Number of protein chains: 2
Amino acid sequence: MRTRAMKAFFLPVLLIALTHGNVTAAGDPLPSWNDGAVKNNILSFVEKVTNEGGAEFVPPAERIAVFDNDGTLWAEQPIYFQVQFALDRVKALAPKHPEWKDKQPFKALLEGDKKGFVAGGAKALADVVAVSHSGMTTEEFETIVNDWLATAKHPRFKRPYNEIIYQPMLELLVYLRANGFKTFIVSGGGVEFMRVWVEKVYGIPPEQVVGSMGKQKFELRGGKPVIVKLPAVDFVDDKEGKPIGIQKFIGRRPIFAFGNSDGDHQMLQWTAAGTGPRFMGLVHHTDAEREWAYDRTSHIGKLDKALDEANAKNWTVVDMKKDWKKIFPFEQ
Amino acid sequence: MRTRAMKAFFLPVLLIALTHGNVTAAGDPLPSWNDGAVKNNILSFVEKVTNEGGAEFVPPAERIAVFDNDGTLWAEQPIYFQVQFALDRVKALAPKHPEWKDKQPFKALLEGDKKGFVAGGAKALADVVAVSHSGMTTEEFETIVNDWLATAKHPRFKRPYNEIIYQPMLELLVYLRANGFKTFIVSGGGVEFMRVWVEKVYGIPPEQVVGSMGKQKFELRGGKPVIVKLPAVDFVDDKEGKPIGIQKFIGRRPIFAFGNSDGDHQMLQWTAAGTGPRFMGLVHHTDAEREWAYDRTSHIGKLDKALDEANAKNWTVVDMKKDWKKIFPFEQ
C-alpha cells in the first residue's frame, strides 16, 4: 500500500523533472527565469552553500541575503515611486497650505511646472520630502502610505505601485528562504515607507528592512506615548551608506547581495570581500519593451562603475530581456 | 502496538505533570523560576497569545519580545561590564601611548586614582570609550572584544563576564522562542560590543540586537573594503532612545518587554501602549546575598519611576530573591 501510494505521488514529479530544465523534486523553483548561465549561477550557489558536509557549506544563521529595492525588487521609472508619493502628498496637502501658492518649490509643483521644479534641484526635493515625511507620528505616516498605495496608479501600467514588482525576484526570495536564507532589503528608500507594505508583498518582515531614515522624537501626548517624525535626515542608506547600514542594522556580512545600480556598488564590494562562498548579482535593465532599458547615463538607477566591476570580477549580471521569461506578476 | 507505545511514552510525562507545578507536556519550561504570581503571569501570557482561535491570539510574526541587557540578562555590578572592558582596554593600550602618563583622564586611570577619574565625570568616560571603541575596523574590534572575554574575570565571581548571566532569563528566552517569539536585545550597551558574544550566550543573532553605536566610515584599503569605527556617537539606545531604537531597527512594536531600570521605562511604556495583549516585566534586584540589592538610589541601574509605574499599572515585577530559584548558571 505504502509503496504504491508513494509511486503514485512521485511519478508525476519525476515526469515534470524530466521534461523541464532546472528543477528540484518540487518543480522548478525559478519558473520565470529562462535557462542559462544566470539561473545556473543562482541554483548552483544555493546548492553548494546548503550542501551539509560539502566544502562550501554555510550554516543557516550565516545565510544572509540582501536586496536593493528600487530597480531590483520593484521598478523605478519614470521616477522613484517614493518621490511620486511625496509629490502626490504635497498636492493632497495643498488645500491646507494656501501659502504654498507663492512659495517654491511648492508653487512650481502645484502649477505642474516640471522645469521649474527640477531647477530647484536637491533642495526642492528635500523640501518636498520634509513636508511629506515628517510632522506626523509614525502611526499616522503608516496610514498615509497605505492610503496612497490603495489609490495611486503607476502612469504606464495603470496599477498600484506595489504591483509593479519583479516576478523573477519574488521567486528568488521564496527560493532563498526555502533554503534557510534570511532575506533583507537594503535600500536607499525610506525604511518607514517600505515597512508598511513589503511584508505582504515580498514576505520580508519590517525588522529585516534597512533603509534611509529621518530623525524621530519620543513623547507622551496626554499620557499616550508617540513617536514623531522630524524634518531632519538621520541616515542615508545609499552607496557607502549601504555597507554601513548592513553593519549597523544587521551586524553580519551577507553572503548574497543583489542590486541594480552604482548605489549598490559598495554593498556588493562589502559582500564580495567576506570569506567563503559569495554571490553578487546585478539586475541590468535591458528590456525597453516590457520594462525600460537604461544604465550608464541614466539619471535614475545609473549603472556604470558597478557594471564594470561586475564584468571584471564575474559577478552575475541579469540581462532582463534575455534572462526573465516574465517580468511582472500581472503579465499573462 | 501503536496505542501501547503511546501509553509508554505519555505515562511518565503525565506523572511529571502531576508532581510538578507549572509544566507543559515537555516539563517545566522555567525550572529556575519559583512558583508564584510572576511565573504564572509569564506562562499565562504566552499561553493566551499562542492559543489559536482564542480571543487574544497573536500571529507569530507579531510576537516580538525585547530585553534590556545590563541588569536584565547579565549583571551590571560593581560597574557596567562594558565600562570595565573600556578601562581594561586603556591599560592594555597604555604602553603605546606614553603621553597618557600626563594626560587626564588616562593619568588618573593608569595610576589607579579612582577618585580623580570619577571627578572627570561624563567627559572622562567618553574619552575612555573613544580610545577603546574607535580607531579600528569593525573586524579588529570584534577580535579585541573576544580576547577580553577570554581573559578578563569578574572581580566577585572570578569568571568570564559572559558567564555572569541570569539562568531564569536564559530559560525565558528559550521558552519564548519555542512559542514562536522573536527575541531581541534593546540595550544601552554598544551594539558591536554585544553582537560578538550574544548569539552564543543567549541564542540571539546579531541582527536582533539593538544598542548604542558610534559613527562609522566605509573605505577601501588597498582595494579591500573595511568599515572603520569613528570617535563620535551616532545613537544612544537608552531612555527615550529605546522606543526610537525599536522603531528604527525593528519597525514593529513589541508585545513583550523586560527591563530592570528607569532606562527601560520608555520602552515599557511604548510596549504597553499597543493594542492587544501586552507583557511588561521588570527585574528588581533584591538579593544582596546571591547577587546585589539596589533600586531607587543606585548610580547603576537606578529603578525608581519605572517601579512606580509598574506598581500602579500591574506590570510584572520580579523579586529576584523570592522569584528566582537559581540566579547564575554556574551555581550548584
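Residues numbered from 1 in each chain as written. Chains lettered and ligands numbered in written order. Predicted model: local features only at pLDDT ≥ 70, side-chain atom pairs only at ≥ 80, totals over all residues. Heavy atoms only, no water.

A.B. asks: It is not clear to me how the overall build of chain A should be interpreted in this structure. Could you clarify?
C.D. replies: Looking only at helices and strands, chain A features 14 helices and 7 strands. Taken against the 2.2 N^0.38 rule, which gives 20 Å for 332 residues, the C-alpha radius of gyration of chain A at 22 Å falls within 12% of a compact globule. Every one of the 332 residues in chain A was classed for burial, and the buried ones make up 53%. For chain A, long-range pairs separated by at least 24 residues make up 64% of all intrachain contacts whose partners lie at least 6 apart in sequence. Put simply, chain A shows about 15,300 Å² of open surface, and 56% of that area lies on carbon and sulfur atoms. Positive and negative side-chain charges in chain A, numbering 43 and 41 respectively, have mean positions lying 2 Å apart. (Helix = DSSP H or I, 4+ residues; strand = E, 2+ residues; numbered from the N terminus. Rg over C-alpha atoms; globule rule 2.2 N^0.38 Å. Buried < 20%, exposed > 50% of the residue type's maximum accessible area, 1.4 Å probe, protein only. Contact = heavy atoms within 4.5 Å. Areas by Shrake-Rupley, 256 points an atom, 1.4 Å probe, with all protein chains shown as cover. Lys, Arg positive; Asp, Glu negative; His and termini not counted. Charge placed at Lys NZ, Arg CZ, Asp CG, Glu CD.)

A.B. asks: Any chance you could explain the packing of aromatic side chains here in plain terms?
C.D. replies: All chains considered together, the criterion is met by 55 aromatic pairs over all chains. Aromatic pair Phe 67 of chain B and Phe 258 of chain B: ring centres 6.1 Å apart, planes at 5 degrees, arrangement stacked. Placement of the pair is Phe 67 of chain B in strand β1 (residues 64–67) and Phe 258 of chain B in strand β5 (residues 256–259), with a sequence separation of 191 residues. The same class applies to Phe 67 of chain B and to Phe 258 of chain B, which are both buried. Seen in terms of ring centroids, Phe 256 of chain B and Phe 279 of chain B are 4.4 Å apart; in terms of plane orientation they differ by 5 degrees. Their pairing is stacked. Highlighted residues: Phe 256 of chain B in strand β5 and Phe 279 of chain B in strand β6 (residues 279–284), separated in sequence by 23 residues. We classify Phe 256 of chain B as buried; its relative accessible area is 0%. Taking relative accessible area as the criterion, Phe 279 of chain B reaches 4% and is therefore assigned buried. Taken together through their ring pairs, the aromatic side chains of Trp 74, Phe 81, Phe 85, Phe 141, Trp 148, Tyr 161, Phe 193, Trp 197 and Tyr 202 of chain A make up a single cluster. (Phe/Tyr/Trp six-rings, centres within 6.5 Å; stacked < 30°, edge-to-face > 60°.)

A.B. asks: So what exactly am I meant to see when it comes to helix α11 (residues 241–250) of chain A here?
C.D. replies: Helical geometry note: an α-helix holds 3.6 residues per turn, so side chains three or four residues apart project in the same direction. Residues and elements named next belong to chain A. For α11, the tally of buried residues reaches 10 of 10 residues, placing the bulk of the element in the interior. Every buried residue of α11 is listed here: Gly 241, Lys 242, Pro 243, Ile 244, Gly 245, Ile 246, Gln 247, Lys 248, Phe 249 and Ile 250. Residue Gly 251 follows α11 closely and has a positive phi angle near 75 degrees.

A.B. asks: Just checking my understanding: could you explain helix α13 (residues 305–313) of chain A for this structure?
C.D. replies: Residues and elements named next belong to chain A. Along α13, the residues that are buried comprise Ala 306, Leu 307, Glu 309 and Ala 310. Along the axis of α13, the buried positions cluster into a sector of 165 degrees, meaning they face one direction only. Exposed side chains of α13 directed beyond 90 degrees from the buried face belong to Lys 305 and Ala 312. Its buried side turned inward, α13 meets α12 (265–272), β6 (279–284) and β7 (316–319). (Arc of directions from axis to C-beta.)

A.B. asks: Where do I start with the sheet that holds β5 of chain B in this structure?
C.D. replies: The pairing of strands in a sheet comes from backbone hydrogen bonds and takes either a parallel or an antiparallel form. As summarised here, the arrangement of the 7 strands in space is β4-β3-β2-β1-β5-β6-β7 (chain B), forming an open sheet in which the pairing is mixed. Strand pairing shows two members of the sheet lacking a second neighbour, β4 (224–235) and β7 (316–319) of chain B, which therefore form its edges. The sheet shows a mean angle of 30 degrees between the axes of neighbouring strands, taken without regard to direction. Contacting β3 (209–221) and β4 of chain B, α11 of chain A runs over the sheet at an angle of about 150 degrees to β3 of chain B. Across the sheet, helix α13 (residues 305–312) of chain B touches β6 and β7 of chain B, and the angle it forms with β6 of chain B is around 130 degrees. (Pairing = 2+ DSSP bridges. Axes fitted to C-alpha atoms, helices over the stretch in contact; angles between N-to-C directions.)

A.B. asks: For this particular structure, what's the right way to read unusual backbone geometry?
C.D. replies: Comment: phi is negative for the bulk of residues other than glycine, and the bulk of peptide bonds are trans. Residue Pro 78 of chain A is reached from Gln 77 of chain A by a cis peptide bond, and omega for that bond is 0 degrees. Inspection of the secondary structure puts Pro 78 of chain A in the loop between β1 (64–67) and α3 (81–93). In this structure, Pro 105 of chain A follows Gln 104 of chain A across a cis peptide bond, with omega equal to 5 degrees. Tracing the chain through its elements places Pro 105 of chain A in the loop between α3 and α4 (106–110). Positive phi, normally seen in glycine, also occurs at Lys 158 of chain B, with a value near 55 degrees. Tracing the chain through its elements places Lys 158 of chain B in the loop between α7 (138–151) and α8 (167–178). Given the relative accessible area of 59%, Lys 158 of chain B is considered exposed. Within the chain, Lys 239 of chain B stands out as a residue other than glycine whose phi angle is a positive 50 degrees. Following the sequence through the fold, Lys 239 of chain B ends up in the loop between β4 and α11 (241–250). Using a relative accessible area of 39% as the deciding quantity, one classes Lys 239 of chain B as partly exposed.

From the geometry alone we can't say anything about function, so treat these as descriptive.
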